[in-house]
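Fold and contact review
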Amino acid sequence: MEGTDQSRKAGGELSPEECRTVIQNRGGRCTVIDVRTDDEYSEGHLPGAVNLDLLNGELAMGIGKLEKDVPCVVYCRRGTRGRKAMDLLQSAGFSEVYNISGGYEQWKATGLPTTS
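The structure presented is a predicted model; accordingly, all values stated were derived computationally and were not measured. (Residues numbered from 1 in each chain as written. Predicted model: local features only at pLDDT ≥ 70, side-chain atom pairs only at ≥ 80, totals over all residues. Heavy atoms only, no water.)

A short note on the nonpolar core
Nonpolar side chains tend toward joint burial in soluble globular proteins. The condition is simple: Residues belong to a common nonpolar core when they are buried Ala, Val, Leu, Ile, Met, Phe, Trp, Tyr or Cys residues joined through side-chain atoms within 4.5 Å. Only protein chains enter the accessibility calculation, which uses a 1.4 Å probe; a residue is then buried when its area is under 20% of its type maximum, exposed when over 50%, and partly exposed in between. Numbering of helices and strands runs from the N terminus, with a helix taken as a DSSP run of H or I at least four residues long and a strand as a DSSP run of E at least two residues long. Whether two residues touch is decided by their heavy atoms; if any such pair falls within 4.5 Å, the residues are in contact.
One finds I33, V35, L59, V74, L89, F94 and V97 to be the most contacted residues of the largest nonpolar core, which totals 15 residues. Counting residues per element, the ones that place at least two in this core are strand 4 (72-75) and helix 4 (80-91). Counting residues per element, this core draws most heavily on helix 4, at 3 residues. Those residues within four positions of V74 in sequence are excluded, and the remaining contacts are I33, G82, A85, M86, L89, V97, Y98, N99 and I100. Counting 14 residues, the second-largest nonpolar core is a separate cluster that includes V32, L46, A49 and I100.

Put into structure tokens, the structure is as follows:
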């Protein structure tokens, strides 16, 4: 039956523009996580993003330091690692997790702000 699954978490894959809206509408109460490597992060990232590399285990080790009831936006270079990170956070009990569709590359191509 539609709408009866109370265990479902909010979130999913959103366009860069939709993720920017999520970040802006939370008034500073949104965690932005870059799951790329340190080298990728140093080449440029979203403003305010924390770097927790998925592949080397930083994200898994850092989950306990993140607030589960604060919305999270995750991203990687093109979206694959971001989807894995989203699944990991949702499995850990995070209430609202979004992955940027197309990752950092799509965010940049859309002309949204980045920093280095």
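Quick notes on the sheet that holds strand 3 (residues 50-51)
Rule in force here: One bridge is not enough; two strands pair if DSSP finds at least two bridges between them. Axis angles are defined between N-to-C directions and span 0 to 180 degrees, where every axis is a line fitted to C-alpha atoms and, for a helix, only to the segment in contact.
Strand order in the open sheet formed by 5 strands is 1-5-4-2-3, with parallel pairing between adjacent strands. With one partner strand each, in any of the chains shown, strand 1 (10-14) and strand 3 form the two edges of the open sheet. Summarising the sheet, strand 1 and strand 5 (residues 96-100) pair through 5 bridges and their orientation is parallel. Pairing of L14 across the sheet is with I100, part of strand 5. Lying over the sheet, helix 1 (residues 16-25) contacts strand 1, strand 2 (31-34), strand 4 and strand 5, oriented at roughly 145 degrees with respect to strand 5. Lying on the sheet, helix 4 is in contact with strand 1, strand 2, strand 4 and strand 5; it crosses strand 5 at an angle near 175 degrees.

Re the pairing of strand 5
Heads up, the rule is: Whether a crossover is right-handed depends on one test, that the path from the first strand over the helix to the second runs clockwise when the strands point away from the viewer.
Of all 5 residues in strand 5, 5 are buried; the element is thus mostly enclosed. Alternating positions in strand 5 separate into two faces, E96, Y98 and I100 on one and V97 and N99 on the other, with burial throughout. Regarding the hand of the β-α-β motif, the stretch spanning strand 4, helix 4 and strand 5 is right-handed.

Section: the pattern of salt bridges
Our working rule: Here, a salt bridge means any side-chain nitrogen of Lys or Arg that lies within 4 Å of a carboxyl oxygen of Asp or Glu.
Overall, the coordinates contain 6 salt bridges when judged by the stated rule. R81 is the partner of E40 in a salt bridge, and the nearest nitrogen-oxygen pair spans 2.9 Å. Taken together, the residues span a long stretch of sequence, with E40 in helix 2 (residues 38-42) and R81 in helix 4 at a distance of 41 residues. Exposure remark for E40: the relative accessible area of 11% places this residue in the buried category. Sharing partners across several salt bridges, the network here consists of E40, R77 and R81.

Side note on the confidence of the model for the chain
We count it as follows: pLDDT measures how confident the predictor is about each residue, on a scale from 0 to 100.
Averaged over all residues, the pLDDT of the chain equals 91, while 92% of them reach at least 70. Predicted confidence for residues 1-8 stays below pLDDT 50, and this span has 0 contacts to residues more than four positions away or in other chains.

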